[in-house]
Each structure stands twice: as structure tokens, then as C-alpha cells.
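Architecture and fold: a report
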Amino acid sequence: GTDVKNLCCTPLKSKISLLHFCVFVFTFLNLHLSEVSFFPLLFFSVKLWASAFGGEIKSISAKYSGSQLLQKKYKEFEKSVRVEEIDGVKLVKNLAVRMEEMFRRKAEATRRLVEAAEEAHHQHEDNPDLQYEYFNAVLINEVDGEGNNVELGGEFILEPNDHFNNLSVNLSLSVVQVPTNMYNKDPDIVNGVYWSEALNKVFVDNFERDPTLIWQYFGSAKGFFRQYPGVKWHPDEHGVIGFDCRNRKWYIQAATSPKDVVILVDVSGSMKGLRLTIARQTVSSILDTLGDDDFFNIIAYNQEIHYVEPCLNGTLVRADRANKDHFREHLDKLFAKGIGLLGEALTEAFTILSDFNQTGRGSVCSQAIMLVTDGATEMYDDVFERYNWPERKVRIFPYLIGRESAFADNLKWMACANKGYFSQISTLADVQENVMRYLHVMSRPKVIDHEHDTVWTEAYVDSALKDKSGPSLMTTVAMPVFSTKNETNQGILLGVVGTDIPLQELMKLIPKHMLGIHGYAFAVTNNGYILTHPDLRPLYQEGQKRRKPNYSSVDLSEVEWEDKDGILRNAMVNRRTGTFSMEVKKTVDRGRRVLKMHNDYYYTDIKGTPFSVGVALSRGHGKYFFRGNVSVEAGLRDLEQPDVALADEWTYCNTEEEHEHRHLTQIQAIKLFMTGRRPHLKCDRELIQEVLFDAVVTAPLEAYWTGLALNKSENSDKGVEIAFLGTRTGLSRTNLFVPADQLSNQDFLTAEDKEGVFNADHFPLWYKRAAEQVPGTFIYSIPFSTALENKSVVLASTAIQLLDDRKSPIVAAVGIQMKLEFFQRKFWTACRQCTALDGKCSISCDNEDINCYLIDNNGFILVTEEQSQTGLFFGEVEGAVMNKLLQMGSFKRITLYDYQALCREYAGSSDSARMLSDPFSVVKWLLTELVMSRGKTMMVPCDTEYPAFVSERTIKETTGNIDCEGCIRSFVIQQIPSSNLFMVVVDNKCDCSSAPPVTMDPIEIMYILSKRNIDSLKCDRLKFQKDRKKPESCHPFHPEENAMECGSATRLSSPLTAALLPLIIATISR
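Fair warning: this is a prediction, and the values are worked out from it, not measured in the lab. (Residues numbered from 1 in each chain as written. Predicted model: local features only at pLDDT ≥ 70, side-chain atom pairs only at ≥ 80, totals over all residues. Heavy atoms only, no water.)

**Observations concerning the overall build of the chain**
Helices and strands together make up the secondary structure of the chain, namely 30 helices and 40 strands. Relative to its full complement of 1070 residues, the chain shows a buried share of 58%. Taking contacts inside the chain between residues at least 6 apart in sequence as the whole, the part at least 24 apart equals 73%. (Helix = DSSP H or I, 4+ residues; strand = E, 2+ residues; numbered from the N terminus. Buried < 20%, exposed > 50% of the residue type's maximum accessible area, 1.4 Å probe, protein only. Contact = heavy atoms within 4.5 Å.)

Encoded structure:
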């Protein structure tokens, strides 16, 4: 036809290279005769369309973003700036020192509370008749039917406070919470509340000294909880507050030393019915008191020994949440029959503890046997003499189930003869209080040694104190409080004090500007659990309140999963200082896109804590930083312009350490500091100097954008809505070309758009992606968050390099937000062009015989004739074509793993087939707690594998043919110049709809195994233990303990006292 003739006769005009001609001939020979004139024309038309659209859209993007002007301005300073390679070792050591100082201040505040509490108790004499009105956290400001304040609920002033995220609090007084199952006016509680009122002054003083403090508290061994600042507590829908401070990790860790525990459960015939129910609840409550530094096993006994988990015969496992929940499931399978042979069960328990202790794999500290039974016919002194006397290193804690006391003397004798404690539990309501008593006995050695060990918890979510992004992650520093009165040899634990530390405060210490665009800092505990990491996802979904059940025990190996051998993890757990390197795949944009890079890791320990900190720097531009210099006057002038903002979560000046500075914005604080008016402000002078430099260099963009906005001939259809830029120092500038209320996406560049702004742990998404593009090219995308809500916009951004080599830092990124409709219109206009001399085009994207798509380098559709397909992955729409592109190498499939995923499972189905491919992932595989119900299904933690797709940069254009059951479907793919976009045109005459789609759906990692192999794998994973660093402090027993303080239900009878006395005398004489 005319178009073909024109193409053949005007080679210069169409710029057909030899390569293009070869592709043309090859394609021509592979087509049906009926397509001879059509497909070659299509190939060259697509090239023309791509070139026309690329030129048009780059012109718009460059013009409105001001990218060339900004590049020019930075180039003007090229010779005056100094480029430096970042010293990762020095960086991480300095960060560790800053974190150590912050943690030390919190520990000092806690120590002041300990001293005040012990002094107040020492001065107090218990009065069983004491009457004292205190502020009960639930009853404050409550009134009765007549409008009068209820008892223990007087008027309590509460005011919103921004430091506590606008929660209404009282900064002068604390409140007291008493568990629902306890009496508010019990004499022990009233006396404890009375003397602990002395802590109010210290609470206030601590907050005055360190305004970054949040919750401070005292958890009493009697059960009440004193909290500062005062805040009102609200019961659940059943009128109950289930909180008991003595069950919290911070309390248990501070009160006791790490321990190895064997729980013996009597399942003889006499334990049927209610007794077995109480026994199960007792064991479950004991499990609640065990933490990640403890190890345990459960043995059921009658005339035989039954390990509750048979594969753990003769060993102990760590008391992490997954293992405890796994054992709880098995408790429901216990049933009572036969007779109870306690002697054999005790022998087995002693043997396990001895053997396991010798391996060095357990706590290597305290040891205990918890005996849950309805009686013992003898004292089994022969067993104790053989395995536990005279050292008595294993404590015995008998729990007598039921109201009968016939065997109480024997069981109490066992406790007293083995430094334990006897309790009798008659009802389910008695379980909690009686179980908690063993903690006080285990704490005696600490009390007598007067060792106020400082403990730190794993990360956990404080649901009460939440910011805009949801509940806040915390760690707690806690210390035990002891009685200093004369009875100290009895080892009286008064309680535990603690203060919470928001991990956001840790993040503020991180010099983000020194970590580069993709760099980040992270911290782990002595057990390898993540304290803070940008890839930790503790909530079900972003913005929701509910926590994943295993969120506080996510291992470092589950986010840095490329570290297959655990080299990085184990080095940090063992508190070493060093470096490590590996290739990584980092996901962005809600996990849908992937960036491949090489990371260098630097790590060291945080002294005075069980934590280690690490820094990851990406090679290339991420390892370099540059320093520029401008006058303070010029910098401050340009910094104070209305279009300038600084990263909310970066710390330029610490305005929170002094109350007088809390009202200051970062820009106000910088000005006061740099002009010398507030020299005592703690500011990062180096960062501020670079911010001032960036403010000066980027200042001309304000006038440039304003000029465009004022020019009525420009942007007449308001297609471009926003221009924006960000720099390596967290400085950003924005300019609106349309009124704010007319923006298609009003969340962009706001706190609601978490990935689109500078954050404590990441640069904006548009900045990160632009940095990985070829310099001078723009990257285009439809934000997923907005596509789902039909806020139709396209973002375009490009990176600004300082120098023209690989070592050049990326100094800034600029971009625009435009309407999707405007962007698509430019595309369709370009696709109607042709080379016909008469202007009559025989082919365009309007033809029904072809489908035209515009996709990005990750395969997501930006433009298509079917609007509903916008934002979808191309493989879901054109599965056959996507498969062919993967086969040809135009796109690559990259396999990714998510070890924090949730999978839908039918309720009641066995999870025995749900297996994980990585031994580190036993946590989720064993965890069966119901997370979320949807009819007959539930969401449970799992591991998944899923694909991401990336275009091959070296392939700019190609064609392909697909055999679709009797017909050939042809397509052309052509890169859009200076962009991350590709135009794909598909021949529509051949139907390939039977081809399966290519999706990005995650697949749960499973094994298909026989029952025997499943059980074997299950057992191996239960036994598997990752490296961990044992706590340094250990107080297993003390020779001065008062062993006669060993039971609550009955007094020892005279014959038993006589039997026990020689043993005690012999022990004391040693």
C-alpha cells in the first residue's frame, strides 16, 4: 500500500537500521501471507508512536519539574563541593554510642523509681485497718445515679497532651489499676497503694528531667499497677479489664532469672472432670509466665510417662510464643485414667534437667519442676536425695488440685525440702494468683543479693499510645523492687518498675542523610528478634490496630532472608563488631516492585543493653556523600520560604529533650541554633549545613515554577497538577499548578502517603525508583494506593546527579503529578501518527485488529483502551504475551519470599500439610492462633513465595509470535525513549484467551510429604534452635534463703516439721 511504499522509499526519514531491517525480514517470513502488508507496517508504526509519545511526555516532565534547571544549579557548585566515601564502621559505632546514651537515660529514670519505692516501703508499717482513698484508673470521674463521685473515683483532671498523641492525661498524678478479679480495698493493696504514692514525685521529676519519657509505672507483687501520667482505663464490652501486670514480660523478666522448667501433670483416674480442667488452666498459666529466655517441657503421667509432645522426649524447647501455643493445643488432648506413679515422673524430670543443662543449650541458670496433681501418697525423699540433695538446685513447686487436703502435707514437704512453694487450687478462679506465687520464690536470690538487674523487652505494640500510622512499637526497661527491711532473707519482691521507650525515638537517632537513598539502620535482641527494621510489619494491615500474634518474635533471618547461612544474624546475636556483604532484593511500592542491589552491612553491640545495631549501605551512589557550603544568612533565607518543608521524622534539632523547646518546628529550631540565640539546643550542625546548602541551590525552582503557573498559555487544561523535589537532606519543595481542593490525589506528599514522603527509615518511593534509572530519564507510575481508590494520577520523577560517574551521589530528585486522563490523551494522540505523505494513516491504535498498551518496567499497565485494566499487571490481561516476553528475556521473573505473611485457611482443617521450606520459619508454621475469621476460614501466619517482574534494560524493542491453537498471534514491544515505559501492541485477530494468565499472586510454601516424613520434619523443627546470647545475669539460688517460707494452704504438721528440720539444719551448717 501507499504507507509501505513510502517506508521503503524514504529510508532516511524512517531511520531504519540494518538491525531493524533484519527483524523486519525475519518477522515477514514468519507471518501468514494475509499479514504480509500489515505486520511490518505495524512494527515501524509502533516505533514512530513510541518516539512521538516519548518526546512529548519527556518535554512536559522536564519542563514542569524544572529538572534541567536544578541539574544546572548543582553543576555550578560541582567544583566547590567535597565528595566523601561513607565510613560504615565509624557510622555504626557512633550510632551505637548515641543509642547507648539514650537507653542509659531511661535506665537512670527507672533506677530512681527503684530507690524511691524501696525507701517508701522501708518507712511504711503495714496497717490491716488502713483506709485510703486513691485514684482508681477505671473509676476516676465516674458518678453515681445522683451525680456524686463514686468511691475511689474522685474528680481527676485530664487534658489532651500532644506528647502522648493527644491522649487525655494528668501530668501531676498517677492512677492505680487493680485486676478485675481482685478486691479494690484489700488491705494488702491499700497498704501498697499508700506507700507507693511516694512515686508520684519521682514520676514528675523524671519527666521534667527527660521530656522524651512516656509511660512510667510500678507493677506490684500484690497485683495493682501504678501508672504515670494518670489516664482513664476503660473495661471491655464484658465490663472486664484482663490486664495483670505480673503477667507481662517486663515484670517476669525483671523478677526472675532465666529458667529451665519441667511441668509434670497428673492424668491418673482421680483427675477426671473439673480437676483436669483446672490442671490444664494451671499449666497454661505457668506457660504465660515463661519468656524467650526460658526453656520447658510438659510431661503427663499415670502408670506411664507421656510426653505431651512425643517428639520432644528427653529435651527442652525455648518458651517462645509458637512453642507455648503448640503445647497448649496438646493439653486439650489429655485425658485421665489409671494410677499415678509420681516417683517415675520425678525421676524423668530430674534426668531431663540434668542432661539438658550439661549441653549448655538451655538457660544454664535456674531450674524448676512444676507438679500439678491431686495428691501424693508419699514424700519421695529417696528421689530427691538421689537427684537434688544436698545442693537443691532444682526447685519443686507442687500445685494441689481440688479441695481435699489429705495429701497437702506430703506436697508441702516436697516444696519446703527443695526450696519451692506449695499452693492449693480449688477453683478456676484460684489459678492465676496461686501460679504467680512461684515467681516470688524464684526472685529470692536476686533480693538477697540485692541485684537490681536491668532488663529490656522485645519490641511490642502499645495499643493505647498510637500515632497517625497506628499503634506504636515499644521496648521496656524494667528493674525489680525489693524489701529492704529485716526480713530480706525471706526474699520479698515488692514489684517491678519500668518505663516504655518508643522505638520511634530510636529511629530519630539515625543519621538518615548519611545512609543514602536505600540505606537503613536496624537493631536486634539477644535472641535474634527484630527490635526495629524498616521491613518489620507488626500489624495485619497498615493502619489497622490488630497485631499479628508473632509480631514480637520476627527473626532477623526472616527479613534479611538472603543471608541463608545466618552469618549476619549470628554475628549480631553474639554482639560482635564487623562487616558483611550480600546481594539483596528489596521490595518497594507495597511489595509489588523490586530493586536489586548489593548491600554492605556494618554492625556492633549497644553497651548496657542486650541489643545490637546494624547499618546497611547500598553500593554505588549509596556509599558516597558530598559536602557543600553556603553562608548561614543565605541558607536561612531560602529555608524559610513557604514552599519548603523538612522531613517530619528526621532530627535536625532535638526539640523534645527540653520542655521549652517542644513547641518549636524544626525550621524554627534551626534558625535559633544557627543564629546563636539558643546555643544549648542539641542540633546536628553537619546536617543543618547541608540543608542550608540544598535550600540555596534549589531556591531558583520556586521562581521558575511560579512563572509557569502565572503563564496562562501554559498548562491550560490543568493536566499537570503538582511539581515537587526532594534532596538528600530531607528538604522538599512543592508547587501547586491547580488549587489544593482540585487535586486528583490529595494524599500525595502528605503523612497519609507513607511511601511518598521522607520517613524515619526510607526516602520517598519516587526518589528511590528514580535513583535506579539511567541519569536523565524519567520514571512514570500510577501509585497503587491511589489506583485502588480511582484517584487517577501519574507520577513522573527523575534523579539529579552531582557528577557524571558511578561514584556520584544522587543529590536530589524532581518530579510532577499529572492527571491520568491528560497522560493517556497524550499517548493516544501519539498513536494516531503515521508516515503517509498524504496524512491518511492506514493503521493506528484505533484499529479493532490491534490492542495497544503502555506498561512500565515492572509490567503494570498505565494506558489501555479498557479503563478497568489500568493499574493491573500486564500478565493478568495478556498472559500469552507476558509468557512470551519472559521466554524471550524481555522481562525477568524474580522470586521473592515473605516470612511475615498471612494465609487463608479453612477453620478446622489440619495444618499438618502446611509446611515451610526454611527451618528458621518454624515460628509461623507451628503458630495456630486464630488471627481473623471470615465465615469458615481464618487467617494464620505463613510463609509465601511470590514473583516480581523487571524489564531487561538492554532490550529496547522486539517482536514475537505466539502459536495459539491454530493461529499465530503477533505482538510488538518498543521502549518509550528516556523513560521506564514500554508500548506493547498485540494483534487482536488471533484469540489466545485460553492461555493462563501470569499473576503476582503469592503461593504458600509447602511440602507434599508422607505422614511419617511430616512428623519427622515437624519434630526436627521443634528441636531446632537458632543461635542466641544468654542473659549475662543469673541468680539461681542463695544459701541464706528462708526455706520454711514455702507454702500457703496449710501449716506443716508436727511430724513433717520434724522430718524436714534435720535437712534444713544440714543445709545451713554447710
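Resuming the write-up.
**Things to note about the environment of Phe356**
Relative to the assigned elements, Phe356 resides in helix α12 (residues 342–359). The spacing of Phe356 and Asp260 is 96 residues in sequence and 8.9 Å in space, taken between C-alpha atoms. Apart from residues no more than four positions distant in its own chain, Phe356 is found in contact with Asp260, Phe295, Thr315, Leu316, Arg361, Gly362 and Gln1025.

**Considering the sheet that holds strand β19 (residues 530–532)**
If you walk across this open sheet you meet the five strands as β19-β18-β22-β21-β20, and the pairing is antiparallel. Two strands lie at the open edges of the sheet, namely β19 and β20 (578–588), each paired on one side alone. Mean inter-strand twist for the sheet, computed between neighbouring axes without regard to direction, equals 35 degrees. Looking at chain direction, strand β18 (residues 520–524) and strand β22 (residues 612–618) are connected through five bridges and run antiparallel. Note that in β22 the partner of Ala521 across the bridge is Val615. Across the face of the sheet, helix α6 (residues 88–123) comes into contact with β18, β20, β21 (593–605) and β22 while running at roughly 145 degrees to β22. (Pairing = 2+ DSSP bridges. Axes fitted to C-alpha atoms, helices over the stretch in contact; angles between N-to-C directions.)

**Some points on a negative patch on the surface**
A cluster of acidic residues, Glu378, Asp381, Asp382 and Glu385, forms a negative patch at the surface. Counting through the fold element by element, Glu378 comes out in the loop between β11 (366–373) and α13 (381–387). (Patch = residues over 30% accessible without salt bridge, like charges linked within 9 Å, V, L, I, M, F, W, Y side chains within 5 Å. Areas by Shrake-Rupley, 256 points an atom, 1.4 Å probe, with all protein chains shown as cover. Salt bridge = Lys/Arg side-chain N within 4 Å of Asp/Glu carboxyl O. Lys, Arg positive; Asp, Glu negative; His and termini not counted. Charge placed at Lys NZ, Arg CZ, Asp CG, Glu CD.)

**Some remarks on the confidence of the model for the chain**
This prediction gives the chain a mean pLDDT of 86; 86% of its residues lie at or above 70. Here helix α28 (residues 922–926) stands out as the least confident element of the chain, with mean pLDDT 35; strand β7 (residues 259–266) is the most confident, with 98. Low pLDDT (under 50) marks residues 1007–1011, which in the prediction has eight contacts with non-local residues, meaning those over four places away or in another chain. Throughout residues 1049–1070 the model reports pLDDT below 50, and contacts reaching past four residues in sequence, or to other chains, amount to 29 contacts. (pLDDT = per-residue confidence, 0-100.)

**Quick word on the pairing of strand β31 (residues 810–819)**
Here β31 lies mainly inside the structure; nine of its ten residues are buried. Pairing of strand β27 (residues 720–727) with β31 involves seven bridges; the strand directions are antiparallel. Directly across from Ala723, in β31, lies its bridge partner Ile816. Relative to β31, strand β30 (residues 793–801) runs antiparallel, the two being bridged by nine bridges. Of the residues in β31, the one forming a bridge with Thr798 is Val814.

**What to know about unusual backbone geometry**
Excluding glycine, residues mostly have negative phi values, and the peptide bonds linking residues are mostly trans. With omega at -5 degrees, the peptide bond leading from Tyr228 into Pro229 counts as cis. When you line up the elements, Pro229 lands in the loop between β6 (225–228) and α9 (249–255). Looking along the chain, the bond that leaves Trp389 and enters Pro390 is cis, with omega of 5 degrees. When you line up the elements, Pro390 lands in the loop between α13 and β12 (394–401). With phi around 55 degrees, Tyr380 is a residue other than glycine that occupies positive phi space. Positionally, Tyr380 belongs in the loop between β11 and α13. Of note in the backbone geometry, Ser978 takes a positive phi value of approximately 60 degrees without being a glycine. By secondary structure assignment, the location of Ser978 is in the loop between β38 (968–975) and β39 (981–987). A residue is classified by how much of its surface remains accessible, and Ser978, at 28% relative accessible area, is partly exposed.

**What about the nonpolar core?**
Note on soluble globular proteins: their nonpolar side chains tend to be buried together. Ranked by size, the top nonpolar core spans 100 residues in total, and within it Trp49, Leu639, Tyr780, Phe823 and Met983 carry the most contacts. Per element, the largest residue contribution to this core is twelve residues, and it comes from helix α4 (residues 39–65). Once you skip the residues sitting within four places of it in the chain, Phe823 turns out to touch Phe53, Ile57, Tyr780, Val794, Met818, Leu854, Leu862, Val863 and Leu981. Judged by nonpolar contacts, the second largest core, of 87 residues, contains Leu91, Leu95, Trp233 and Ala254. (Core = buried A, V, L, I, M, F, W, Y, C linked by side-chain atoms within 4.5 Å.)

**Quick notes on the side chain of Arg318**
As for its position among the elements, Arg318 is in strand β10 (residues 317–318). Look at Arg318: it is buried, it has no salt bridge, and the nearest opposite charge is Asp320 at 5.1 Å. Side-chain polar atoms of Arg318 contact the side chain of Tyr529, separated by 3.1 Å. When near neighbours in sequence (up to four residues on either side) are disregarded, Arg318 contacts Asp292, Asp294, Phe295, Phe296, Asn323, Asn527, Tyr529, Lys1026 and Arg1028. (Polar contact = N/O pair within 3.5 Å; in protein donor to acceptor, adjacent residues only side chain to side chain.)

**So, the pairing of β38**
Of all eight residues in β38, seven are buried; the element is thus mostly enclosed. Pairing between strand β37 (residues 957–963) and β38: seven bridges, direction antiparallel. Within β38, the position partnered with Gly960 by the bridge is Phe971. Taking the residues that link successive antiparallel strands as the turn, the β37-β38 hairpin has four residues, and the phi of Glu965 there is positive, at about 55 degrees. With five bridges joining them, β38 and β39 adopt antiparallel strand pairing. Note that in β39 the partner of Ile973 across the bridge is Val984.

**Overview of the packing of helix α10 (residues 274–288) against helix α15 (residues 431–442)**
Contact pair α10 / α15: the axes reach a minimum separation of 10 Å and the direction vectors enclose 45 degrees. The angle between α10 and α15 falls in the class oblique. Considering how the two elements wind past one another, α10 and α15 form a crossing that is right-handed. Where α10 approaches α15, its residues Ile278, Gln281, Thr282, Ser285 and Ile286 are matched on the opposing element by Val431, Gln432 and Val435. Counted by class, the contact of α10 with α15 contains four nonpolar, four polar and no charged residues. (Parallel < 35°, antiparallel > 145°, perpendicular 65-115°, else oblique. Left-handed = near helix turned anticlockwise from the far one by under 90°. Nonpolar A, V, L, I, M, F, W, Y, C, P; charged D, E, K, R; others polar.)

**Re the sheet that holds strand β24 (residues 644–646)**
With antiparallel pairing, the six strands of this open sheet are ordered in space as β24-β28-β27-β31-β30-β29. Across the chains shown, the open sheet's two edge strands, defined by having one partner strand only, are β24 and β29 (779–781). Strand after strand, the sheet turns through a mean of 20 degrees between neighbouring axes, direction not considered. The strands that helix α21 (residues 685–698) touches are β24, β27 and β28 (731–736); relative to β28, the one it contacts most, it runs at about 30 degrees.

**Quick word on the UniProt feature "coiled-coil region" (unreviewed entry) in the chain**
In the numbering adopted here, UniProt assigns the feature "coiled-coil region" (unreviewed entry) to residues 92–127. Summarising residues 92–127: 89% helix, 0% strand, and an end-to-end C-alpha distance of 54 Å. (UniProt positions renumbered as here; feature names shortened; annotations may be inferred.)

**A word on the state of the cysteines**
Overall, the coordinates contain seven disulfides when judged by the stated rule. In this model, Cys653 is linked to Cys683 through a disulfide, with the two sulfur atoms separated by 2.0 Å. Since a negative S-S torsion denotes a left-handed disulfide, the Cys653-Cys683 link at about 110 degrees is right-handed. On the criterion of sequence distance, the pair formed by Cys653 in strand β25 (residues 653–654) and Cys683 in strand β26 (residues 682–683) is long-range, its members being 30 residues apart. (Disulfide = S-S within 2.5 Å.)

**So, the pattern of salt bridges**
Taken as a whole, this structure holds 56 salt bridges when the rule is applied. Glu151 is paired through a salt bridge with Lys185; the nearest N and O atoms lie 2.3 Å apart. Of this pair, Glu151 sits in the loop between α6 and β2 (159–161) while Lys185 sits in the loop between β4 (175–177) and α7 (187–196), and the two are 34 residues apart along the sequence. A salt bridge links Glu878 to Arg969, with the nearest nitrogen and oxygen atoms 3.0 Å apart.

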